[in-house]
Amino acid sequence: MSDLNLLVVVASTRPGRVGLPVSQWFVDAAKAHGGFQVSVVDLAEENLPLLDEPHHPRLSKYQHDHTKRWSEKVAAADAIVFVIPEYNYSLGAAVKNALDYLHNEWRYKAASVVSYGGVSAGTRSAMALHGAVYALNLFMISQQVNIPFVHSRLVDGRFDPSETTETAATAMLDELVKVAGALEQLRG
């Protein structure tokens, strides 16, 4: 087992969300892959208020316990995968808020996306995430998992991936291991 840590961020916070079964599938796939120690954070459970810290995040002068907990979780990661839906052709507010809470904790880490939706598979949300993390020096790799018609892949409340989805997940995890390992010296 690798000593690299992967943080899987469940970005949807809506009741009845598809993000939970999709993320549960991905977490199992990441653990089976063996390239990372895997942990999960659910933004619905983090329940971060809308930017309530008085200081700019680059200063790391956090006043609130919820920010300190969030900071510790992100800081411990070597790589991050965001499991995201597409809301109105873009990112949901919860994930943008979670990104903006921190600054240094995101730097020099490899990241990717498992996006889901209808015909577009959440790809517009994935592209919006690339722009949102640019100034944070979070390195988004090109390999990602995009799941079209996600509701058609739910069976008894569980996500049943296609062979293409499983192949994409393996390719993404393989690349994340390489990039996270290469960036490790910059994080040190």
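Residues numbered from 1 in each chain as written. Predicted model: local features only at pLDDT ≥ 70, side-chain atom pairs only at ≥ 80, totals over all residues. Heavy atoms only, no water.

Undergrad: I'd like a rundown of the packing of aromatic side chains, residues and numbers included.
TA: Applying the stated criterion to the full structure yields five aromatic pairs. When the ring of Trp 70 is compared with that of Trp 106, the centres are 6.1 Å apart and the planes differ by 70 degrees; the resulting orientation is edge-to-face. Of this pair, Trp 70 sits in helix H3 (residues 65–75) while Trp 106 sits in the loop between helix H4 (93–100) and strand E4 (109–116), placing them 36 residues apart in sequence. Across this residue pair, the class does not change: Trp 70 and Trp 106 are buried. On the basis of an interplanar angle of 20 degrees and a centroid distance of 6.3 Å, the ring pair of Tyr 108 and Phe 139 is categorised as stacked. With Tyr 108 in the loop between H4 and E4 and Phe 139 in strand E5 (residues 138–140), the pair connects residues that are 31 residues apart, well separated along the chain. Note on Phe 139: relative accessible area 35%, which makes it partly exposed. (Phe/Tyr/Trp six-rings, centres within 6.5 Å; stacked < 30°, edge-to-face > 60°. Helix = DSSP H or I, 4+ residues; strand = E, 2+ residues; numbered from the N terminus. Buried < 20%, exposed > 50% of the residue type's maximum accessible area, 1.4 Å probe, protein only.)

Undergrad: Could you give me a rundown of the pairing of strand E1 (residues 5–10), with the residues and numbers involved?
TA: Within a regular beta strand, the side chains point alternately toward one face of the sheet and then the other, so they alternate between its two faces. Extensive coverage of E1 is indicated by the burial of five of its six residues. Taken together, the six bridges between E1 and strand E2 (residues 37–42) define a ladder with parallel strand orientation. Directly across from Asn 5, in E2, lies its bridge partner Gln 37. With five bridges connecting them, E1 and strand E3 (residues 79–85) associate as parallel partners. The partner of Val 10 across the bridge, within E3, is Val 83. (Pairing = 2+ DSSP bridges.)

Undergrad: Would you mind going over the environment of Lys 73 in detail, with residue names and values included?
TA: One can find Lys 73 in helix H3. Between the C-alpha atoms of Lys 73 and Val 155, which are 82 residues apart in sequence, the distance is 31 Å. If near-sequence neighbours (up to four positions away) are discounted, Lys 73 is found in contact with Leu 7, Val 41 and Glu 46. (Contact = heavy atoms within 4.5 Å.)

Undergrad: Please set out the layout of surface pockets residue by residue, giving values where relevant.
TA: Reported here for the largest pocket is a volume of approximately 200 Å³. What lines the largest pocket is a set of 15 residues, and nearest its centre among them are Val 18, Pro 85, Tyr 87, Tyr 116 and His 151. The residue inventory of the lining of the largest pocket, partitioned by class, reads five nonpolar, six polar and four charged. (1 Å grid on protein atoms, 1.4 Å probe; cavity = no way out; pocket = protein on both sides within 12 Å on 5 of 7 lines; lining within 4 Å. Points joined across faces, edges and corners; volume = space filled by probe spheres on them. Nonpolar A, V, L, I, M, F, W, Y, C, P; charged D, E, K, R; others polar.)

Undergrad: Explain the environment of Ala 30 residue by residue, including any values.
TA: Residue placement: Ala 30 occurs in helix H1 (residues 19–33). Through-space distance from the C-alpha of Ala 30 to that of Leu 6 is 8.5 Å; in sequence the pair is 24 residues apart. Look past the residues within four positions of Ala 30 in its chain and what remains in contact with it is Leu 6, Val 38 and Leu 173.

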